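# Report on the structure
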Amino acid sequence: MRYFFIVLVMLLGPTAPALAQMSVGIGFNIPGLSIGINLPAYPELVRVPGHPVYYAPRVRANFFFYDGLYWLYQGDNWYASSWYNGPWGLVAPAQVPVFILRVPVRYYRAPPTYFRGWRADAAPRWDAHWGRDWAQERRGWNTSRRSAAPPPAPLPNYQRRYTGPRYPQEEQQRALRDQHYRYQPRDDLTRPHVPQRFDPSQPDAE
């Protein structure tokens with residue numbers, strides 16, 4: 001399985017002064033290199049009707065929140081993070097939760113060109129885009145009843161206090177999450193992306 005990383009810059013529209021400019025820079029995962037989506041403040045998150053997912057209507061990016069994590073779709077890649085401004089981890093197409101895949105096209109704030117012509121009120125045609133092998137591996141991804149969807153995870157509103165220069169480093173993020181956010185993911189495909197609990201007795205632990 002081969003995946004390519006991208007480096008790009010995106011701008012927000014004038015609708016949100018606090019988020020007037022947002023840059024997305026996703027590069028190689030080298031120690032010391034900051035990768036991810038750069039937001040100056042915690043974004044407004046709105047529930048996607050009928051889905052256990054939130055989206056960010058004022059962020060010019062495909063930015064979602066589901067099962068205790070943030071999810072970003074950019075450059076034909078999915079990324080996940082436990083904090084709104086990263087660091088981000090790459091998620092293989094076969095490992096993206098179905099409730100993220102089912103979000104309708106209209107909630108993608110920066111849809112790729114291949115979304116054109118697809119129904120706004122339906123999920124993207126991932127099976128057509130990613131091909132037969134993916135469709136076979138993820139058979140039934142868009143066939144479950146909406147009534148079977150779990151309740152949405154609580155939003156990590158404690159992160160609103162950490163903006164700009166106050167945004168914590170990765171180890172601090174883990175400690176703050178352990179202190180303020182007790183929710184445990186229900187989705188088997190979400191759990192691998194949740195950071196391990198912070199252990200101050202092991203400062204070198206990853």
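Above this text is the structure in question.
Below is a summary of the structure that appears in this document. (Residues numbered from 1 in each chain as written. Predicted model: local features only at pLDDT ≥ 70, side-chain atom pairs only at ≥ 80, totals over all residues. Heavy atoms only, no water.)

Evaluation of the coordinates by the stated rule reveals 30 aromatic pairs. A centroid spacing of 5.7 Å and a plane angle of 90° characterise the contact between W83 and Y167, whose relative ring orientation is edge-to-face. Of this pair, W83 sits in the loop between β7 (77-81) and β8 (89-91) while Y167 sits in the loop between α3 (132-137) and α4 (170-180); the two residues are 84 residues apart in sequence, bridging distant segments of the chain. With respect to burial, W83 and Y167 carry one shared label: buried. Cluster of aromatic residues (ring-pair linked, three or more members): F64, Y73, W78, Y108, Y114, F115, W118, W126, W130, W134 and W141. Positioned above the aromatic ring of F99, the side-chain terminus of R102 is 5.1 Å from the ring centre. (Phe/Tyr/Trp six-rings, centres within 6.5 Å; stacked < 30°, edge-to-face > 60°. Helix = DSSP H or I, 4+ residues; strand = E, 2+ residues; numbered from the N terminus. Buried < 20%, exposed > 50% of the residue type's maximum accessible area, 1.4 Å probe, protein only. Lys NZ or Arg CZ within 6 Å of the ring centre and 35° of its normal.)

Let us look at the pattern of salt bridges. Evaluated as defined, the whole model comprises three salt bridges. Two residues, E44 and R58, come together in a salt bridge whose shortest N-O distance is 3.3 Å. With E44 in the loop between β2 (36-38) and β3 (46-47) and R58 in the loop between β4 (53-55) and β5 (62-66), this pair connects stretches of sequence that are 14 residues apart. Judged by its relative accessible area of 46%, R58 falls in the partly exposed class. We note a salt bridge from R191 to D188, for which the minimum N-O separation is 2.2 Å. Residue D188 is classed as exposed on the basis of its relative accessible area of 56%. (Salt bridge = Lys/Arg side-chain N within 4 Å of Asp/Glu carboxyl O.)

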